[in-house]
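Listed below, chain by chain, are the residues.
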Amino acid sequence: NKSAKEFLELLSDGFSEEELLLSTMQGLIASEITIKRHEAGLSQKEFAKLVGVTQGLVSKWEAGDNNYTLSTLVKISKVLNIGTSKGKRRERQNH
């Protein structure tokens, strides 16, 4: 749809390529956390307790309103059983 494309171009006007990439990555991480948490059958409060943070912070993560430290991403991936690229390479080698 041409009008939707034009609208998105207007929204992104004034943002650097780096800012747009950061926003995209934050959105992808946020949606992955939300999806995996739901698949695990965890509430935000239960998930927060397992990761060692507040429910409010989990809410910010899922809204894409927060930057993550590497150690936080590792904790999240462990709790939600999200494989690392090393683990995925091993999986591919075994198939």
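Because the structure is a prediction, the values reported are computed rather than measured.

Here is what the cut-offs are and how they apply
Residues numbered from 1 in each chain as written. Predicted model: local features only at pLDDT ≥ 70, side-chain atom pairs only at ≥ 80, totals over all residues. Heavy atoms only, no water. Buried < 20%, exposed > 50% of the residue type's maximum accessible area, 1.4 Å probe, protein only. Helix = DSSP H or I, 4+ residues; strand = E, 2+ residues; numbered from the N terminus. Arc of directions from axis to C-beta. Contact = heavy atoms within 4.5 Å. Phe/Tyr/Trp six-rings, centres within 6.5 Å; stacked < 30°, edge-to-face > 60°.

> Tell me about helix α3 (residues 44-51), and please be specific about residues and values.
Residues Gln44, Phe47, Ala48 and Val51 constitute the buried set of α3. Looking straight down α3, one finds that the buried residues subtend no more than 100° of arc, so they occupy a single side. Exposed side chains of α3 directed beyond 90 degrees from the buried face belong to Lys45, Lys49 and Leu50. Phi turns positive, to about 90°, at Gly52, one or two residues after α3.

> For the environment of Leu73, give the residues involved together with the corresponding values.
With respect to the element layout, Leu73 can be found in helix α5 (residues 70-79). Sequence separation between Leu73 and Ile33 is 40 residues; the distance between their C-alpha atoms is 9.9 Å. If near-sequence neighbours (up to four positions away) are discounted, Leu73 is found in contact with Ile29 and Tyr68.

> Could you give an account of the packing of aromatic side chains, with specific residues and numbers?
Scanning the entire structure with this criterion turns up 2 aromatic pairs. Aromatic pair Phe47 and Trp61: ring centres 6.3 Å apart, planes at 70°, arrangement edge-to-face. You can see Phe47 sitting in helix α3 and its partner Trp61 sitting in helix α4 (residues 55-63), a full 14 residues away along the chain. Side by side, Phe47 and Trp61 carry an identical accessibility label, which is buried. Between Trp61 and Tyr68 the ring centres are 6.2 Å apart and the planes differ by 50°, which places this aromatic pair in the tilted class. Here Trp61 and Tyr68 have matching classes, each one buried. Pairwise contacts between aromatic rings join Phe47, Trp61 and Tyr68 into one cluster.

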